[in-house]
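Here are the chains, one letter per residue:
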Amino acid sequence: QPVKSWEGMKQVKQFAPRCMQRYIFGDMVFRSAGVSEDCLYLNVWTPAKLGNEKLPVLVYFYGGGFMAGDGSEPRYDGESMARNKGIVTITVNYRLGVFGFFSHPELTAESSHSASGNYGLLDQAQALKWIKENVAAFGGDPNKITIAGESAGSISVSALMASPLSRDLFRSAIGESGSILGALSATPLEEGEKTGEKFADMIGAKSLNELRSLSADSLLAATAGENVPRFPITVDGYFFPKSPYEIYKQGEQAQVPLLVGWNSEEMNYRFLLGPKEPTPENYQKAVQNMYGENADKILEYYPGSDREEVIQSATALASDRFIAYSTWKWS
């Protein structure tokens, strides 16, 4: 929904609350004051003095697996980019977890688009629309917007390139580790709805009204329960009129310059070997268990003749399986 009109001066000296989330990742440091459903804000750093400079704009989406993250994290701070690079830098908050990606047949039925879920991605698209319409007041050029992100943020960039709601709102894109073409693929809406129904059953909610009667805190706490499913991105017929794979395959995504990359260790070799020592024998067994009749082909590309080579190849294979391959596929 668009923000309700209001008059007056709004003080924005502190970061707004981060979106509803549990503390999941130890590397996340937040400068925002707590969590709230009232979290859809963005942060702007600008070197502009007059408001007509027409500077390049970088819009950055945080990572966190669509379960955690916030535009206030110091590692995404835009001050040095604005001060030293002369660009307008923006971070965007978007809804997460059950609040951002919950699908349900009743939600689909009441939607004017016959869609449910993908709310976090819709938040991002709406933020881009706002930026396109308003960034000139901050000295930014609405025709020089680059979107970027890391991990879930990178997957978001690939999704925003594919969606007809957002693909005309920027001129270039940067993806740092991950794309929707494999890392967290979009599932059919029906599957997302089944996941939503399963979650509702797990917490004893028999209808959408019963779910809505729960407080945000209790709903968030319920997502920490045992065997609670991940709420997936869906091919909802609205944000995604069809599978992102098909959109990219048919060349219907945003036709913009794209810079992508990933890290040499996206995942540790222990992801394949577990507690076992990185010996050639253990490595070969792990690959055979995972790939069956294709194991020999995998070992040809990811060889492991000694401990050092096993660690290197197992790290590369684990990284590719986790997020690197989907990033390569995107490019």
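Residues numbered from 1 in each chain as written. Predicted model: local features only at pLDDT ≥ 70, side-chain atom pairs only at ≥ 80, totals over all residues. Heavy atoms only, no water.

Draft legend 1. Region of interest: the overall build of the protein chain. From N to C terminus, the protein chain includes 13 helices and 10 strands. In terms of overall dimensions, the protein chain is globule-like: its C-alpha atoms have a radius of gyration of 21 Å, near the 20 Å expected for 331 residues. Summarising its shape, the C-alpha atoms of the protein chain cover approximately 70 × 55 × 40 Å along the three principal directions. In the protein chain, which comprises 331 residues, the share counted as buried stands at 47%. Expressed as a percentage of contacts within the protein chain between residues at least 6 apart in sequence, the contacts between residues at least 24 apart total 75%. For the protein chain, the exposed surface amounts to about 17300 Å²; the carbon and sulfur share of it is 50%. (Helix = DSSP H or I, 4+ residues; strand = E, 2+ residues; numbered from the N terminus. Rg over C-alpha atoms; globule rule 2.2 N^0.38 Å. Buried < 20%, exposed > 50% of the residue type's maximum accessible area, 1.4 Å probe, protein only. Contact = heavy atoms within 4.5 Å. Areas by Shrake-Rupley, 256 points an atom, 1.4 Å probe, with all protein chains shown as cover.)

Draft legend 2. Fine view of the pairing of strand S7 (residues 172-176). Both strand S6 (residues 140-150) and S7 contribute to a ladder of 5 bridges, which runs parallel. Counted as the bridge partner of Ala148 is Ile174 from S7. Here S7 pairs with strand S10 (residues 258-261) via 4 bridges, running parallel. Counted as the bridge partner of Ile174 is Leu259 from S10. (Pairing = 2+ DSSP bridges.)

Draft legend 3. Quick peek at the pattern of salt bridges. The tally for this structure, following the rule as stated, stands at 9 salt bridges. One salt bridge connects Glu133 with Lys129, and the closest N-O pair in it is separated by 3.1 Å. Of this pair, Glu133 and Lys129 are both found in helix H4 (residues 119-134), 4 residues apart, which corresponds to roughly one turn of the helix. For Lys129, a relative accessible area of 39% translates into the label partly exposed. (Salt bridge = Lys/Arg side-chain N within 4 Å of Asp/Glu carboxyl O.)

Draft legend 4. Seen up close, the nonpolar core. Counting 67 residues, the largest nonpolar core has Val59, Phe61, Ile147, Phe170, Ile233 and Phe240 as its most contacted members. Here this core takes 7 residues from helix H5 (residues 152-162), the largest share from any one element. Apart from the residues within four sequence positions on either side, Ile147 is in contact with Val59, Phe61, Leu128, Val157, Leu160, Phe170, Ser172, Ala173 and Ile174. If you look at the next biggest cluster of nonpolar residues, it comprises 14 residues, including Ala286, Ala295, Val310 and Leu317. (Core = buried A, V, L, I, M, F, W, Y, C linked by side-chain atoms within 4.5 Å.)

Draft legend 5. View of the state of the cysteines. Evaluated as defined, the whole model comprises 1 disulfide. Disulfide pairing places Cys19 opposite Cys39 at an S-S distance of 2.1 Å. One quick way to see it: the torsion about the S-S bond of Cys19 and Cys39 is about 90 degrees, and its sign makes the bridge right-handed. Of this pair, Cys19 sits in strand S1 (residues 18-19) while Cys39 sits in the loop between strand S2 (35-36) and strand S3 (42-45), placing them 20 residues apart in sequence. With a relative accessible area of 1%, Cys19 lands in the buried category. The exposure class of Cys39 is buried, given its relative accessible area of 1%. (Disulfide = S-S within 2.5 Å.)

Draft legend 6. Broad picture of the packing of helix H11 (residues 280-291) against helix H13 (residues 307-330). Where H11 meets H13, the axes come as close as 10 Å, and the angle between the chain directions of the two elements is 25 degrees. If you check the angle between H11 and H13, you find them roughly parallel. Relative to H13, the crossing made by H11 is left-handed. From H11, Pro280, Tyr283, Val287, Met290 and Tyr291 reach across to H13, where they touch Val310, Ser313, Ala314, Leu317 and Arg321. Class assignment for the residues of the contact of H11 with H13 results in 8 nonpolar, 1 polar and 1 charged. (Axes fitted to C-alpha atoms, helices over the stretch in contact; angles between N-to-C directions. Parallel < 35°, antiparallel > 145°, perpendicular 65-115°, else oblique. Left-handed = near helix turned anticlockwise from the far one by under 90°. Nonpolar A, V, L, I, M, F, W, Y, C, P; charged D, E, K, R; others polar.)

Draft legend 7. Here's a closer look at the packing of aromatic side chains. In this structure the tally under the stated criterion is 11 aromatic pairs. Where Tyr62 meets Tyr94, the ring centres are 4.3 Å apart and the plane angle is 15 degrees; that geometry is what we call stacked. Pair noted here: Tyr62 is in the loop between strand S4 (55-61) and helix H1 (79-85) and Tyr94 is in the loop between strand S5 (88-92) and helix H2 (97-101), with a separation of 32 residues, a long-range link. On the basis of relative accessible area, Tyr94 is assigned to the buried category, the value being 0%. With a centroid separation of 5.2 Å and an interplanar angle of 90 degrees, the aromatic rings of Phe199 and Phe231 are classed as edge-to-face. Here the residue Phe199 occupies a position in helix H6 (residues 189-202), and Phe231 occupies one in the loop between helix H8 (216-222) and strand S9 (234-235), the gap between them amounting to 32 residues. The exposure class of Phe199 is buried, given its relative accessible area of 0%. (Phe/Tyr/Trp six-rings, centres within 6.5 Å; stacked < 30°, edge-to-face > 60°.)

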